[in-house]
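Descriptive analysis of the structure
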Amino acid sequence: MHELADEALARVHAAKTSKASKVSKPATPKRRPVVEDEEPTRYPLRAFVLTWGDLEAWWTHYDVDELAVELTDEQAEAFFATVEGTTEFADRLRTARTTVAESAGRPLLRAL
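So, here's what we can say about the structure. (Residues numbered from 1 in each chain as written. Predicted model: local features only at pLDDT ≥ 70, side-chain atom pairs only at ≥ 80, totals over all residues. Heavy atoms only, no water.)

1. Some words on the overall build of the protein chain
Check the secondary structure of the protein chain and you find four helices and zero strands. Element order for the protein chain, N to C, with α for helix and β for strand: α-α-α-α. Residues counted as buried form 4% of the 112 residues belonging to the protein chain. When the accessible surface of the protein chain is split by element, carbon and sulfur atoms take 61% of a total near 10,900 Å². (Helix = DSSP H or I, 4+ residues; strand = E, 2+ residues; numbered from the N terminus. Buried < 20%, exposed > 50% of the residue type's maximum accessible area, 1.4 Å probe, protein only. Areas by Shrake-Rupley, 256 points an atom, 1.4 Å probe, with all protein chains shown as cover.)

Shown next as C-alpha coordinates:
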(Lines give C-alpha, C1' and ligand atoms only; values in the text may rest on other atoms or scores of the structure.)
Protein backbone atom coordinates (compact mmCIF):
# COMPACT_ATOMS: atom_id res chain seq x y z
CA MET A 1 0.00 0.00 0.00
CA HIS A 2 2.82 2.41 0.90
CA GLU A 3 4.51 1.62 -2.38
CA LEU A 4 1.39 2.59 -4.34
CA ALA A 5 1.09 5.83 -2.37
CA ASP A 6 4.75 6.66 -3.04
CA GLU A 7 4.26 6.03 -6.76
CA ALA A 8 1.18 8.25 -6.83
CA LEU A 9 3.03 11.04 -5.04
CA ALA A 10 5.91 10.73 -7.50
CA ARG A 11 3.46 11.09 -10.42
CA VAL A 12 1.86 14.18 -8.83
CA HIS A 13 5.23 15.82 -8.24
CA ALA A 14 6.34 15.02 -11.79
CA ALA A 15 3.15 16.52 -13.20
CA LYS A 16 3.62 19.69 -11.14
CA THR A 17 7.22 20.04 -12.31
CA SER A 18 6.31 19.64 -15.99
CA LYS A 19 3.43 22.15 -15.66
CA ALA A 20 5.67 24.67 -13.90
CA SER A 21 8.26 24.51 -16.67
CA LYS A 22 5.56 25.01 -19.32
CA VAL A 23 4.13 28.05 -17.52
CA SER A 24 7.45 29.86 -16.99
CA LYS A 25 7.51 31.53 -20.42
CA PRO A 26 4.11 32.45 -21.83
CA ALA A 27 3.69 31.94 -25.53
CA THR A 28 3.67 34.95 -27.79
CA PRO A 29 0.17 35.42 -29.20
CA LYS A 30 -0.09 34.47 -32.86
CA ARG A 31 -0.58 37.51 -35.03
CA ARG A 32 -2.79 37.48 -38.07
CA PRO A 33 -0.69 38.09 -41.19
CA VAL A 34 -1.12 41.56 -42.66
CA VAL A 35 -2.62 41.59 -46.13
CA GLU A 36 -1.36 44.64 -48.06
CA ASP A 37 -4.65 45.48 -49.83
CA GLU A 38 -6.87 44.82 -46.82
CA GLU A 39 -8.11 47.72 -44.69
CA PRO A 40 -7.66 47.10 -40.97
CA THR A 41 -10.78 46.77 -38.87
CA ARG A 42 -11.71 50.13 -37.36
CA TYR A 43 -12.71 50.17 -33.71
CA PRO A 44 -15.09 52.68 -32.13
CA LEU A 45 -14.01 55.57 -29.91
CA ARG A 46 -15.19 53.69 -26.83
CA ALA A 47 -12.69 50.88 -27.52
CA PHE A 48 -9.88 53.45 -27.78
CA VAL A 49 -10.85 55.12 -24.51
CA LEU A 50 -11.19 51.80 -22.66
CA THR A 51 -7.91 50.44 -24.03
CA TRP A 52 -5.91 53.49 -22.99
CA GLY A 53 -7.73 53.71 -19.67
CA ASP A 54 -6.61 50.16 -18.90
CA LEU A 55 -3.03 51.00 -19.90
CA GLU A 56 -2.69 54.03 -17.64
CA ALA A 57 0.68 53.75 -15.83
CA TRP A 58 1.00 50.09 -16.92
CA TRP A 59 4.79 50.28 -16.66
CA THR A 60 4.58 50.68 -12.86
CA HIS A 61 3.34 47.07 -12.59
CA TYR A 62 6.40 45.40 -14.14
CA ASP A 63 10.03 44.92 -13.22
CA VAL A 64 12.29 45.87 -16.15
CA ASP A 65 15.11 43.54 -15.07
CA GLU A 66 12.73 40.60 -14.81
CA LEU A 67 11.25 41.31 -18.25
CA ALA A 68 14.73 41.67 -19.74
CA VAL A 69 15.53 38.13 -18.65
CA GLU A 70 12.15 36.44 -19.09
CA LEU A 71 10.88 37.78 -22.45
CA THR A 72 11.87 35.89 -25.55
CA ASP A 73 13.48 37.86 -28.38
CA GLU A 74 10.23 37.55 -30.34
CA GLN A 75 8.15 38.90 -27.43
CA ALA A 76 10.54 41.81 -26.86
CA GLU A 77 10.57 42.72 -30.57
CA ALA A 78 6.75 42.61 -30.68
CA PHE A 79 6.66 45.00 -27.72
CA PHE A 80 9.19 47.38 -29.33
CA ALA A 81 7.26 47.35 -32.63
CA THR A 82 4.03 48.17 -30.78
CA VAL A 83 5.70 51.05 -28.93
CA GLU A 84 7.12 52.47 -32.18
CA GLY A 85 3.74 52.22 -33.90
CA THR A 86 2.05 53.81 -30.87
CA THR A 87 4.53 56.69 -30.82
CA GLU A 88 3.98 57.37 -34.53
CA PHE A 89 0.21 57.23 -34.05
CA ALA A 90 0.41 59.61 -31.06
CA ASP A 91 2.37 62.13 -33.15
CA ARG A 92 -0.22 61.91 -35.95
CA LEU A 93 -3.09 62.27 -33.48
CA ARG A 94 -1.51 65.31 -31.83
CA THR A 95 -1.05 66.96 -35.25
CA ALA A 96 -4.56 66.04 -36.39
CA ARG A 97 -6.15 67.45 -33.23
CA THR A 98 -4.41 70.78 -33.79
CA THR A 99 -5.22 70.84 -37.52
CA VAL A 100 -8.87 69.85 -37.07
CA ALA A 101 -9.44 72.44 -34.33
CA GLU A 102 -7.86 75.20 -36.40
CA SER A 103 -9.74 74.32 -39.61
CA ALA A 104 -13.08 74.01 -37.79
CA GLY A 105 -12.56 77.32 -36.04
CA ARG A 106 -13.72 75.89 -32.75
CA PRO A 107 -12.00 74.59 -29.63
CA LEU A 108 -11.54 70.88 -29.06
CA LEU A 109 -13.93 69.19 -26.63
CA ARG A 110 -12.62 69.04 -23.10
CA ALA A 111 -13.79 66.91 -20.18
CA LEU A 112 -15.27 68.79 -17.26
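2. With respect to the pattern of salt bridges
Applying the stated rule across the entire model yields two salt bridges. The salt bridge partner of Glu39 is Arg42, with a shortest N-O separation of 3.6 Å. For the pair formed by Glu39 and Arg42, the shared burial category is exposed. Across the pair Arg94 and Asp91 runs a salt bridge, and its minimum N-O distance is 3.6 Å. On the criterion of helical spacing, the pair formed by Arg94 and Asp91 is a turn pair, its members being three residues apart in helix α4 (residues 73-104). (Salt bridge = Lys/Arg side-chain N within 4 Å of Asp/Glu carboxyl O.)

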